[in-house]
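# Secondary and tertiary structure notes
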Amino acid sequence: MSSRRYWAIYLPSPAAQMAEIARGYEAAGLEGLWGVQVYGPPFIPLASAAMVTSRIKLGTGVALAFTRSPLETALSAIDIDTISGGRMVLGLGTSVREWNERVHGVVYGKPVRHLREVVTTVRTLIETRRGEVGRIDGEYHKLDLTGTSIGREGVRPSIPIYVPALFEKTVSLAAEVADGLVEQAGAEENHLAAAGIGELVLELRHTHRPSLAASQPPGQGQKSWAVLLARRPVLS
């Protein structure tokens with residue numbers, strides 16, 4: 001039996017059509033659905049899929065990390081995870097400077113450093129949601145939640161966070177602070193080519209996370225596959 005795990009891109013359409021598509025993908029045995037952010041947020045399609053499926057995983061592939069506050073991102077992920085019964089995978093990415101600064105009007109900064117801060121902040125908010133978060137004093141995000149609960153119970157203590165496998169630095173970032181990688185079009189082939197994946201994963205195992213494991217489910221084209229480097233199962 002093949003170890004490949006297939007995901008599909010899941011885009012907004014009329015409700016009945018979305019329900020039929022989501023059920024069909026689940027019946028076909030797909031691993032998961034990716035909600036992608038081009039213009040609109042990727043969370044809304046995933047919420048619709050959550051209500052008509054029971055097994056398939058639901059991921060943002062990816063949500064733009066800088067265009068919403070870390071708190072909004074964390075709450076959106078918790079809500080999808082709750083609606084789906086624990087099937088959410090939160091993919092966060094940087095996009096490009098122009099899209100952030102010109103189109104969305106937000107600070108881009110140093111993208112890898114900024115993404116690291118967003119990932120760690122969102123994780124803190126998700127994993128301490130039942131208690132008081134207090135103050136988060138980052139370079140890009142300063143939150144004061146002293147005396148405030150974010151008001152979400154959730155269905156599991158943490159949610160997997162993935163980052164794009166676009167460059168060597170983001171691959172290393174995944175090993176440092178994330179739970180996995182999502183390959184995107186334009187990824188540097190010398191870091192993601194199938195022949196080199198094993199060496200890269202082996203290096204990450206030795207340098208960062210001993211339990212890192214890899215799989216390579218193919219995507220929609222010959223050079224488009226998802227690379228999942230998961231240090232723990234997506235479903236808990």
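A brief structural summary. (Residues numbered from 1 in each chain as written. Predicted model: local features only at pLDDT ≥ 70, side-chain atom pairs only at ≥ 80, totals over all residues. Heavy atoms only, no water.)

### Regarding the pattern of salt bridges
Our working rule: Salt bridges, as used here, are contacts in which a Lys or Arg side-chain nitrogen is within 4 Å of a carboxyl oxygen on Asp or Glu. Starting at the N terminus, helices and strands are each numbered in turn, a helix being any DSSP run of H or I of at least four residues and a strand any DSSP run of E of at least two.
For the structure shown, the criterion picks out eleven salt bridges. Across the pair Arg102 and Glu98 runs a salt bridge whose closest N-O atoms are separated by 2.9 Å. Taken as a pair, Arg102 and Glu98 lie in helix H4 (residues 97-103) at a separation of four residues, close to a single helical turn. Among the salt bridges present, the one from Glu176 reaches Arg116, with a minimum N-O distance of 2.9 Å. In this pair, Glu176 sits in helix H6 (residues 168-177) while Arg116 sits in helix H5 (residues 111-127), placing the two residues 60 residues apart along the sequence.

### Examining the side chain of Thr94
We apply this condition: For the exposure calls, accessible area comes from a 1.4 Å probe over protein chains only, and a residue counts as buried if that area is under 20% of its type's maximum, exposed if over 50%, partly exposed in between. Here a residue-residue contact requires only that any non-hydrogen atoms of the pair lie within 4.5 Å.
Here Thr94 is to be found in the loop between strand S5 (88-93) and H4. Thr94 sits in the buried class, given a relative accessible area of 13%. Ignoring sequence-local partners within four residues, the contact set of Thr94 consists of Phe66, Asn100, Tyr108, Pro111 and Leu115.

### Focus: the pairing of strand S3 (residues 57-60)
Heads up, the condition is: Should DSSP find at least two bridges between two strands, the strands are regarded as paired. Classification remark: right-handed applies to a crossover when, strands pointing away from the viewer, the course from the first strand over the helix to the second runs clockwise.
Taking every second residue as pointing to the same face, both faces of S3 are buried, with Lys57 and Gly59 on one and Leu58 and Thr60 on the other. Summarising the sheet, strand S2 (residues 32-35) and S3 pair through four bridges and their orientation is parallel. The residue of S3 that forms the bridge with Gly35 is Thr60. For the crossover that starts at S2, traverses helix H2 (residues 43-50) and ends in the parallel S3, the hand is right-handed.

### Overview of the packing of aromatic side chains
For clarity, the threshold we go by: Stacked, tilted and edge-to-face are the three classes assigned to paired rings of Phe, Tyr and Trp, where Trp is represented by its six-membered ring and a pair needs centres within 6.5 Å; plane angles under 30 degrees give stacked, over 60 edge-to-face, the rest tilted.
Per the stated rule, a full pass over the model turns up two aromatic pairs. Ring centres of Trp7 and Trp34 lie 4.0 Å apart, and the angle between their planes is 20°; this geometry places the pair in the stacked category. In this pair, Trp7 sits in strand S1 (residues 7-9) while Trp34 sits in strand S2, placing the two residues 27 residues apart along the sequence. The exposure class assigned to Trp7 is buried, which follows from its relative accessible area of 11%. Where Phe66 meets Tyr108, the ring centres are 5.7 Å apart and the plane angle is 75°; that geometry is what we call edge-to-face. A residue pair is termed long-range when its members are at least 10 positions apart, and Phe66 in the loop between strand S4 (63-64) and helix H3 (70-84) and Tyr108 in the loop between H4 and H5 qualify at 42 residues. Tyr108 shares its class with Phe66; the two are buried.

### Focus: the environment of Val122
Looking at the secondary structure, you find Val122 in helix H5. Along the sequence, Val122 and Ile159 sit 37 residues apart, while their C-alpha atoms lie 9.9 Å from each other. The residues contacting Val122, other than those within four sequence positions of it, are Pro70, Thr73, Ala74, Leu90 and Ile161.

The values are spatial; any link to function lies outside them.
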